[in-house]
Amino acid sequence: MILAVAPLLVPLATALLCTVSYGSPRLQSRFSIAGALALLITAIILVIEVSSNHVVSLTAGNWPLPYGIEVVVDRLGVALTLIAALMLTISLLWQNSDADPAPTSGFFHPLIHGLVAGSCAAFITADLFNLYVWFEVALICALGLLAQGGGLKHFDATLKYFVLNLVGTLLLLAAIALTYAATGHLNFANLRLAVQQVDPAVMLPITGLLLIAFLVKAAAFPFFAWLPASYHTLPAPSLAVFSALLSKIGICALVRMLSGTFHPPSYLLMTLLAGIALLSMVIGVLGAAYHWDIRRILAFHSISQVGYMLLAIALSSRQGDAATIFFAVHHSLVKAGLFLCGALIFCMAGHYDLRRIGGLYAARPFLSVIFLLFALSLVGIPPLTGFWGKYLIIRECLIQGQYLWAGVALSVGGLTFYSMLKIWKEAFWKPHPDATWSPTKEKKLAPAYAGICTLLFVVLWLGLYPEPLLVFVNDAAMTIRGGIP
Amino acid sequence: MDNPEQNQTSKKGPDSTLFHLAIPTLLFSCLVWWLFYQPLPWSFQIAWVPSLNIGFSVFVDGLSAQFLLMISGIGCLVFLYGTGYLAGHKKANHVFLLLLLFMLAMIGAVVSDNLIVLFVFWELTSVLSFLLVGFNHEEENNRKSAQQAMLITGSGGLCLLLGCILLGQIAGTYSIQLLIARAPLFINDPRLFWALGFVFIGAFTKSAQFPFHFWLPNAMAAPTPVSAYLHSATMVKLGIYLLARLDPAFSDLFFWEVSLITVGIFTAVIAAIQTIYERDLKRILAWSTIATLGTLVMLVGMPGEGAALATAALFFAHALYKAPLFFVAGNLDHGAGTRQIDCLTGMRRYMPWTATAAFFAAISMAGLPLTFGFVAKDIINLAKSQANLLQLVSYAAFFVNVVSVAVAAIAAIHIFWGQDTIPRKAQPHEANLRMLFPPLVLAATGLLFGLRPALIDPLLGLAAQSMAPGLDPNKVDLSYDAIPVIEATFGTLALGLFTYLRWDWLHNKFNRLQAIQKRGPESWYNAVLETLPLVAVRSTRVFQNGMLPRYLLTLIATVAALLATLLAASGLNWQWPEMESLPFPVLGASMVIAAGALATFRVSDHLILLLVGGMVGYGSALLFLFTGAPDLALTQFVVETIFVVVVAAVLVKLRSFRNETAKVPPEKRFRPLHFLVAASFGSVFVILCLLVSALPFDPALTDFYGARSLLDANGRNVVNIILVDFRALDTLGEISVLGFGLLAAYPLLKQIREKRR
């Protein structure tokens, strides 16, 4: 069904239209928002389709498998696509407000659609080399968005992002070449059968290399340096999309590889992955405790949250995968929401540095409540989404007897709370260091609030009534493992 | 009253009083009415998260009912008191909203039968407590107290979650009632020790037991109605509620009994000693609350039906006397402007009604006859005598009682009687009706139940039955023979009064012990809080040092190390490819590549470096040429040439820009660490490539492309057909990469252009 490739064709076409209409900003932004809405509608149709029909797939050029490139939209892919579409819509909406919008250079719209196209395609492709191609698309668009700022710090961020991600991409290319040489296949379903025939002594390091390449993309310890080096230079709309999508590309690929194609993974590999996950969690949250810039704090939290998702993958069970997917959905929504809250804080108080701001609880109670709910959700206070994510992971750790993993996961939750309390105390409770300060008024913030409230609504809904999503991710995990829910 | 907002709120005061009171009163009256007609226990279920076996299974028995009455009843009075206490405060509405949410969360916690749902409400109460403690957040100390309360109870909450999940796994259910029913089946499970240990930590943090007790006195930063409600009457009892709930399942466990009794009595003693340190009335009350909480934990731990009844009675008695005393402290704060007991004497003259309330609450606290406190004390003594405790525990409990008598005397006598000799700025004044009614009602209720304990018999009986299922609630009789009990309590009273009279002397004596307090649990908490940023600085400076070369080094080194581990994991019995003699041209091309690569680290000039690097590219092209891929070789030649030419042009241009005066110190040529990393990375890859090339290749794909490209795709050049037909989707992606690359590069190019102008 042609619908299967819509998640990549719609944003690509929009990007093209936005490029063509470069000279007319009004037309461009109309194309852009129309494209985002079209993607959102596509994603919703796909969710309905996938929920009833298991998967929607298409082989490019109608070639018989495994000779053509197959695109398979399953529950995991469609969930992340829907999030991508939602975040894209919100961030384009946000672009109309005065809260830290991206510079209007004419390149923002095509590049952000390109980023979404690359990410969505990476979520749904069922071919290893094709996955690499879409990684590249996402990488180059992310680079473009980073360089948009035009300042020295933007170029510094761009360079670090580029070099480290390029190495990751090259490692991926090497891993794909080796996989192809060893198995003769690239299609996921065929690889799954072919890897069983290969000497495990050779397959194990190849799988390991593939895993490392995806870990670089997912910003896991010790490959995470690109993420905190670049995120804080981004304007709010780009940042929301980045935080919702970039690390998820790596996570999505890891789940597909380790639970689907290269299943069953070796015990050694999973133990190493768990080690990486635990270190990511701890080092990430310590980085957050160290920083004072809201965006840097949140960026480091992303690393720690990636650690949770990796830990769930390392559990290598269906419940673990379900937990990963649930956590990925939760983290995309909540982290984007927090970054957007950060932008509003910046807009009100004039700075991202916690030491220079304060008094927002008294001045802007509504924003305080929004931030608090997002922050509590990130920490994992019930009954918000973060709680269910952590609950799933910890329960599975305990079922498997991994008490150390569960303990670390819980302690990191405590440290996350500590650093969220820091933001709350400094930005909201503390009186503003400048006694003459009053929050800036006469700014156009309605689109910003509309976007952030939409996110909050989704987070609250999923937190208070998690059953549909839980069933969905359980089925998604089953699909990845080759079962039919 | 210079704030316009403030005036506005105070103007609509009476209306908002009714408004704030509406929901709690409605709740309370409905509850009382409902409990009157509804035979207990009562339960029903609503599905919530069936896929995780988590549902709102509501279960109301005597213990829940008792808590429900305390939560809603005292809640009503707290709301009423709050409307008086916070009148004119511009953020009063926030407090009422948070208090209402808190009330609902508490109700949820005490009626849910599912451990996870209970945990959900438990955490909500912690968060709401945090927000309420930090209500006056302009002051740094209050912010710190709020943070402390949240971090301690929050961490405890995490442990509780762990404990609950473990319990659920051991018992196979999250339902508390099922868990109690199944307890004999898994009582010997070794994991139970850990599960209960974590539940204990959760309960102890919430109920301020040693060593987590110190947050409670600091939480007195909250407005007084909040302290009275959360930090005395309800929330801090939630931990004990949970323990009491689980008591029927585990009371036979030696571990259960010993830990609870030890921790409980130790907390009570520590708190009693700390009480004497304090001069602030509210903090004195806080410490004596902790002492009571300790006693409650001890009672839960004690086996037997008497202990269960004593727990239920003390729950009630404490709520009835401690909440009014907090209200009294609030009234003093409002009327006299201070809570320091040194500045408060002879207040009876100015605040007669507050003095009355304080008196009746205090005699209940001291356990004088005809009060409910007396009844509770009687039952506790009975329970202790049945439980054959260690002599040491009895002495400790006696000491705790003595101090509580002294505290009662402070509250009732010291503050309100005697001469007012302290010079004041303003004449102290009596609180308004809304602030007098609640303490008077509660103190009077205490008296009523003290005079007619039979009124409360059924409720306490049912509550005790929830903790000790063997108990028959109909046989509970709280009536007492006054004479023996008075004899028993006489010693406590006398010593308590003595303590009260020598309070200042004792205070000075105990002050010398402050060195011990400085090394107490609070200092551990502070140490952790101070160490954490230091550790964070260390780790972040190592891993996020801002230097790209180091990031790269870490990345490459980790890849090499991980791959080496995985290669070694197979036991090193590798299958090498068959060595064939290489044709001369291939060998030559390989030599070119190797020479180029080796030369890169002997050269420092960027331009030469580029040319040398180009050798690798040309070498690869040659290799392609001689291994049967001429078209690939051609592409590689073109790409490499363009790349070298373009980059060389840029470098030459940059040279003309270079500032000659800025001398960059020459880099060290040979760095052993880098060499080692590079060498191991290279070797690992070579080994991996060799191993893969030893495997037989599955030619299914290439064969198909070769066979079908002319037939189905009408093209003779297989590579082209692969690119534009078989794998056209890849090409679409690559074209997009080029297009987006152009868009991405444009701002950079534009910048250069603008600079040149």
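Look up: the structure comes first, before these words.
Residues numbered from 1 in each chain as written. Chains lettered and ligands numbered in written order. Predicted model: local features only at pLDDT ≥ 70, side-chain atom pairs only at ≥ 80, totals over all residues. Heavy atoms only, no water.

(A) Structural view of the packing of helix 3 (residues 62–85) of chain B against helix 18 (residues 433–451) of chain B. Residues and elements named next belong to chain B. The N-to-C vectors of helix 3 and helix 18 enclose an angle of 155 degrees; their axes lie 7 Å apart at closest approach. As summarised for this structure, helix 3 and helix 18 are arranged roughly antiparallel, according to the angle between their axes. Handedness of the crossing formed by helix 3 with helix 18: left-handed. Here Ile74, Leu77, Leu80, Tyr81, Thr83, Gly84 and Tyr85 of helix 3 lie close against helix 18, whose contacting residues are Arg434, Met435, Phe437, Pro438, Val441 and Leu442. A class-by-class count of the residues in the contact of helix 3 with helix 18 yields ten nonpolar, two polar and one charged. (Axes fitted to C-alpha atoms, helices over the stretch in contact; angles between N-to-C directions. Helix = DSSP H or I, 4+ residues; strand = E, 2+ residues; numbered from the N terminus. Parallel < 35°, antiparallel > 145°, perpendicular 65-115°, else oblique. Left-handed = near helix turned anticlockwise from the far one by under 90°. Contact = heavy atoms within 4.5 Å. Nonpolar A, V, L, I, M, F, W, Y, C, P; charged D, E, K, R; others polar.)

(B) Structural view of the pairing of strand 2 (residues 54–60) of chain B. Residues and elements named next belong to chain B. Counting buried positions along strand 2 gives six out of seven residues, so the element sits mostly inside the fold. As paired strands, strand 1 (residues 42–49) and strand 2 are joined by seven bridges and run antiparallel to one another. Each bridged residue has a counterpart across the sheet, and for Val49 the counterpart in strand 2 is Ile54. Where strand 1 folds back onto strand 2 in an antiparallel hairpin, the turn is made up of four residues, including Asn53, whose phi is positive at roughly 60 degrees. (Buried < 20%, exposed > 50% of the residue type's maximum accessible area, 1.4 Å probe, protein only. Pairing = 2+ DSSP bridges.)

(C) Helix 3 of chain B, seen in detail. Along its 24 residues, helix 3 of chain B runs 33 Å from first to last C-alpha, staying within 8% of the 34 Å computed at 1.5 Å per residue. In terms of burial, helix 3 of chain B is largely enclosed, as 24 of its 24 residues are buried. (Expected span 1.5 Å × (residues − 1).)

(D) How the structure looks around the packing of aromatic side chains. Applying the stated rule across the entire model yields 57 aromatic pairs over all chains. Arranged with centres 6.2 Å apart and planes meeting at 45 degrees, the rings of Phe316 of chain B and Phe449 of chain B form a pair that is tilted. Taken together, the residues span a long stretch of sequence, with Phe316 of chain B in helix 14 (residues 305–336) and Phe449 of chain B in helix 18 at a distance of 133 residues. In this structure Phe316 of chain B comes out as buried when scored by relative accessible area, which is 9%. A cation over a ring is seen here: Arg295 of chain A above Tyr352 of chain A, with NZ or CZ 3.7 Å from the ring centre. Positioned above the aromatic ring of Trp505 of chain B is the side chain of Arg502 of chain B, whose terminal nitrogen or guanidinium carbon lies 4.8 Å from the ring centre. (Phe/Tyr/Trp six-rings, centres within 6.5 Å; stacked < 30°, edge-to-face > 60°. Lys NZ or Arg CZ within 6 Å of the ring centre and 35° of its normal.)

(E) Main features of empty space enclosed by the protein. Residues and elements named next belong to chain B. Within the structure shown, the criterion is met by eight cavities of 30 Å³ or more. Within this model, the largest cavity holds a volume of roughly 300 Å³. Counting residues per element, the ones that place at least two in the lining of the largest cavity are helix 12 (254–277), helix 13 (281–301), helix 14, helix 15 (352–366), helix 16 (372–386) and helix 17 (391–414). Counting residues per element, the lining of the largest cavity draws most heavily on helix 17, which supplies six residues. Each residue belonging to the lining of the largest cavity can be placed in one class, and the counts come to 13 nonpolar, eight polar and two charged. (1 Å grid on protein atoms, 1.4 Å probe; cavity = no way out; pocket = protein on both sides within 12 Å on 5 of 7 lines; lining within 4 Å. Points joined across faces, edges and corners; volume = space filled by probe spheres on them.)

(F) Local environment of the interface of chain A and chain B. Facing the 113 residues of chain A at the interface are 93 residues of chain B. Sorting the residues of chain A by area buried against chain B places Trp63, Tyr67 and Trp429 of chain A first, and these three jointly supply 10% of that buried surface. Viewed at the interface, chain B and chain A are joined by one salt bridge. The partner of Arg727 of chain B in a salt bridge is Asp127 of chain A, and the shortest N-O contact between them spans 2.5 Å. The interface formed by chain A and chain B contains 14 residue pairs in polar contact (both at pLDDT 80 or more). Here the side of chain A that touches chain B is built from residues that sort into 89 nonpolar, 16 polar and eight charged. (Buried area = accessible area lost by both parts, 1.4 Å probe. Salt bridge = Lys/Arg side-chain N within 4 Å of Asp/Glu carboxyl O. Polar contact = N/O pair within 3.5 Å; in protein donor to acceptor, adjacent residues only side chain to side chain.)

Everything listed is a geometric property; what it means functionally is a separate question.
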